[in-house]
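Close look at the chain arrangement
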Amino acid sequence: MTTELQPEPPVPARRPWLVALPLVVFAAMAGLFAYFLVLKPRDASEIPSVLIDKPVPDFALAPLGGLTRDGAAVPGLTSADLKGRVTIVNVWASWCVPCRQEHPILNEIAKDPRVRLVGINYKDEPENALRFLGQLGNPFAAVGTDQKGRAAIDWGVYGVPETFLVAADGRIAYKFIGPLSPEGYAAKLEPEIRKAVARR
């Protein structure tokens, strides 16, 4: 008895591009990550805020007890205090090293008659905050204490320091993330102050 040999099924044609496809996709994704993370790093101070052109959040913060300026007690801070003139709101803490670095520029901003500089003291111990301002000077016309960080959440704070520019109508005009430097102030915050003053 003879058995007939069955013909072997045809071997499908190889598609070499299918083998290379995962490698091509990986290389493309790696290239995109490299572009956005290395070649085109974003300036952290320019992270957009959804609060720009919106009214300041509703808040009322107690004063930092024992803090004085020019012999008078420094008041706390409420949302109502941020209407009527251009105001800079600086969110800071004594435990924040970059806050210490930016403090000299805040002392200079406090001398600018176009703006009122106020502070939100974030998740800090009152005695530490007082010691910090006692050592470095108090540039703030008002300081609200936000020990639980709830007001900062409403402001969309990522971390300290952060600085907000509030127009005279009580709307947030600009947000600067990170420590202010003379260069950052001149290039970014100062032009925004001019715009806010002009729109009064």
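The sections below set out a description of the structure shown in this document. (Residues numbered from 1 in each chain as written. Predicted model: local features only at pLDDT ≥ 70, side-chain atom pairs only at ≥ 80, totals over all residues. Heavy atoms only, no water.)

**Digging into the pairing of strand E8 (residues 162-166)**
Rule in force here: Residue burial is assigned from relative accessible area. The probe radius is 1.4 Å, only protein chains are included, and a residue is buried under 20% of its type maximum, exposed over 50%, and partly exposed in between. Only DSSP runs of H or I covering at least 4 residues are called helices, and only runs of E covering at least 2 are called strands; the numbering of each starts at the N terminus. Strand pairing follows a simple DSSP-based rule, namely that at least 2 bridges must link the two strands.
Within E8, 5 of the 5 residues are buried, which leaves the element mostly enclosed by the surrounding structure. In E8, alternate side chains face the same way, and those of Glu162, Phe164 and Val166 on one face and Thr163 and Leu165 on the other are all buried. The pairing of strand E5 (residues 87-92) with E8 spans 5 bridges and is antiparallel. When the sheet's bridge partners are listed, isoleucine 88 is paired in E8 with leucine 165. Here 5 bridges tie E8 to strand E9 (residues 172-177), and the two strands are oriented antiparallel to one another. Bridge pairing links phenylalanine 164 to lysine 175 in E9. From the end of E8 to the start of E9, which pair antiparallel, there are 5 residues, and glycine 170 there has a positive phi angle of about 85°.

**Some words on the environment of glutamate 127**
Mapped onto the fold, glutamate 127 is located in helix H3 (residues 126-136). As for glutamate 127 and glycine 66, which are separated by 61 residues in sequence, their C-alpha atoms are 9.1 Å apart.

**Examining the packing of aromatic side chains**
Quick note on the threshold: Ring pairs shown here join Phe, Tyr and Trp side chains whose ring centres sit within 6.5 Å, with only the six-membered ring taken for Trp; geometry is labelled stacked below 30 degrees between planes, edge-to-face above 60, and tilted in between.
A complete count under the given rule lists 5 aromatic pairs for this structure. For the ring pair tryptophan 92 and phenylalanine 140, a centre distance of 5.7 Å and an interplane angle of 15° mean the geometry is stacked. With a gap of 48 residues between them, tryptophan 92 in strand E5 and phenylalanine 140 in the loop between H3 and strand E7 (143-146) connect regions that are remote in the sequence. The residues tryptophan 92 and phenylalanine 140 share a single accessibility class, namely buried. One aromatic cluster in this structure is built from Phe59, Trp155 and Phe164.

**Comments concerning the sheet that holds E5**
The pairing of strands in a sheet comes from backbone hydrogen bonds and takes either a parallel or an antiparallel form. Definition in use: Orientation is described by lines fitted to C-alpha atoms, with helices fitted over the stretch in contact, and by angles between N-to-C directions that extend from 0 to 180 degrees. Whether two residues are in contact is decided by their heavy atoms: any pair within 4.5 Å suffices.
Pairing in this open sheet of 5 strands is mixed, and the strands run E7-E6-E5-E8-E9 from one edge to the other. The sheet is open, and its two edges are formed by E7 and E9, each paired on a single side. Across the sheet, the mean angle from the axis of one strand to that of its neighbour is 20°, orientation sign disregarded. Where strand E6 (residues 116-122) and E7 come together, 4 bridges link them in parallel fashion. Pairing of asparagine 121 across the sheet is with threonine 145, part of E7. Most of the contacts of helix H2 (residues 97-109) go to E5, to which it runs at about 160°, and overall it touches E5, E6 and E8.

**Side note on H3**
Basically, it comes down to this: Each direction from the helix axis to a C-beta atom contributes to the arc, which is the arc of those directions.
All buried positions along H3 are accounted for by Ala129, Phe132 and Leu133. End-on, the buried residues of H3 take up no more than an arc of 90°, which puts them together on one face. Summarising the geometry of H3, the exposed residues directed more than 90 degrees from the buried face are Gly134 and Gln135. Tucked inside the fold, the buried residues of H3 contact E5, H2 and E6. After H3 finishes, the residue glycine 137 shows a positive phi value of roughly 100°.

**Here's the deal with the side chain of threonine 145**
Among the secondary structure elements, threonine 145 is positioned in strand E7. On the basis of relative accessibility, which here comes to 18%, the residue threonine 145 falls in the buried class. Here threonine 145 is in contact with Leu61, Ala62, Pro63, Leu64 and Asn121, once residues within four sequence places are set aside.

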